[in-house]
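What follows is the residue order along each chain.
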Amino acid sequence: MPTEADHRLPRTVVPSRYRLRLAPDLDAARFDGEVAVDVEVVEEVDAVVVNAADLEIHDAALVAPDGERIGASITLDADRERAVFRLDRPVAPGAWTLEASFTGILNDELRGFYRSVYRDAEGNEKVVA
């Protein structure tokens, strides 16, 4: 029987603001991206779990307000569509920023960041993401 943990992220790290940069390559049907998420660490943690589907995450770190960076190793769980960032050391409660860079595929499945095709007024096929 599925539990809440199978569907919900842990409540130990709570996001409040996302800054996202996506750079699509429509011809290759891929994209590069970077994200910085302001988070509140509610209790000491040694890992951060996020939703992530069909992404290759290159690096991640938790950054303190004073600029200290805590690196993380990355494990992807494709079945649960999650990424786990195991921190180099536990971090204390407080304000932090989670930073990560990634690449992904612009799929045709209408989920996530996807590609679509339409015809303009002259009948030319155009690709958008």
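Along each chain, numbering runs from 1 in the same order as the chain's sequence is written. Two thresholds apply to this predicted model, a pLDDT of at least 70 for residue-level local features and 80 or more for giving and counting side-chain atom pairs, whereas whole-chain, interface and lining totals are computed over all residues. Excluded from the side-chain calculation are hydrogens and water; included are all heavy atoms of the structure.

## A closer look at the pairing of strand S6 (residues 82-91)
Side-chain direction in a regular strand flips from residue to residue, so the side chains alternate between the two faces of the sheet.
Then comes step 1: Relative to S6, strand S3 (residues 45-51) is paired through six bridges, and the arrangement is antiparallel. Within S6, the position partnered with Val49 by the bridge is Val84.
Then comes step 2: Here, a strand pair is defined by DSSP locating no fewer than two bridges between the strands. Helix and strand definitions follow DSSP, with helices as H or I runs of at least four residues and strands as E runs of at least two, each counted in order from the N terminus. Bridge count between strand S5 (residues 69-77) and S6: six bridges; the pairing is antiparallel. Paired with Ser73 across the two strands is Arg86, which belongs to S6.

## Regarding the sheet that holds strand S2 (residues 30-41)
Then comes step 1: Spatial ordering of the open sheet is given by S1-S2-S7-S4-S5-S6-S3, a layout of seven strands whose pairing is antiparallel. Pairing within the sheet leaves two strands with one partner each, and these edge strands are strand S1 (13-25) and S3. Strand-to-strand, the axes of this sheet are offset by a mean angle of 20°, without reference to chain direction.
Then comes step 2: Sheet topology note: the S2/strand S7 (residues 94-105) ladder contains twelve bridges and is antiparallel. By the bridge assignment for S7, Phe31 is matched with Gly104. All axes are obtained by fitting lines to C-alpha atoms, using only the stretch in contact for helices, and the reported angles, taken between N-to-C directions, cover 0 to 180 degrees.

## What to know about the nonpolar core
Among soluble globular proteins, nonpolar side chains are generally buried collectively.
Then comes step 1: Counting residues in hydrophobic clusters, the biggest one holds 24 residues, and the most contacted among them are Leu62, Phe85, Leu87, Val91 and Trp96.
Then comes step 2: Elements represented by at least two residues in this core include exactly S2, S3, strand S4 (55-63), S5, S6 and S7.
Then comes step 3: Here this core takes five residues from S2, the largest share from any one element.
Then comes step 4: If we ignore the near neighbours within four places in the chain, the residues touching Phe85 are Asp46, Ala47, Val48, Val50, Ile57, Ala60, Ala72, Ser73, Ile74 and Leu98. Nonpolar cores were defined as sets of buried Ala, Val, Leu, Ile, Met, Phe, Trp, Tyr and Cys residues, with membership established by side-chain atoms within 4.5 Å. Categorising residues by exposure relies on relative accessible area from a 1.4 Å probe, with only protein chains included: less than 20% of the type maximum marks a residue as buried, more than 50% marks it as exposed, and the intermediate range marks it as partly exposed. Here a residue-residue contact requires only that any non-hydrogen atoms of the pair lie within 4.5 Å.

## A short note on the side chain of Asp38
Then comes step 1: Checked against the element boundaries, Asp38 lands in strand S2.
Then comes step 2: A polar atom in the side chain of Asp38 sits 3.2 Å from the side chain of Thr97.
Then comes step 3: Excluding residues that lie within four positions of it along the chain, Asp38 makes contacts with Val14, Pro15, Ser16, Arg17, Arg19, Trp96 and Thr97. What qualifies as a polar contact is a pair of N or O atoms within 3.5 Å, subject to a donor-acceptor requirement within protein and to the restriction that residues adjacent in sequence count only when both atoms come from side chains.

## What to know about the packing of aromatic side chains
Then comes step 1: Working definition: rings of Phe, Tyr and Trp (its six-membered ring) pair if their centres are within 6.5 Å, and the pair is stacked with planes under 30 degrees apart, edge-to-face with planes over 60 apart, and tilted otherwise. Across all of its chains, the model carries two aromatic pairs by this definition.
Then comes step 2: A centroid spacing of 6.4 Å and a plane angle of 80° characterise the contact between Phe31 and Phe102, whose relative ring orientation is edge-to-face. Taken together, the positions of Phe31 in strand S2 and Phe102 in strand S7 put the pair 71 residues apart, joining distant regions of the chain. By the burial criterion, Phe31 is buried, and Phe102 matches it.
Then comes step 3: With a centroid separation of 5.1 Å and an interplanar angle of 70°, the aromatic rings of Phe31 and Phe113 are classed as edge-to-face. In this pair, Phe31 is assigned in strand S2 and Phe113 in the loop between S7 and strand S8 (116-119), connecting sequence segments 82 residues apart.
Then comes step 4: In textbook terms, an aromatic cluster arises when at least three aromatic residues are bridged by ring pairs, as seen for Phe31, Phe102 and Phe113.

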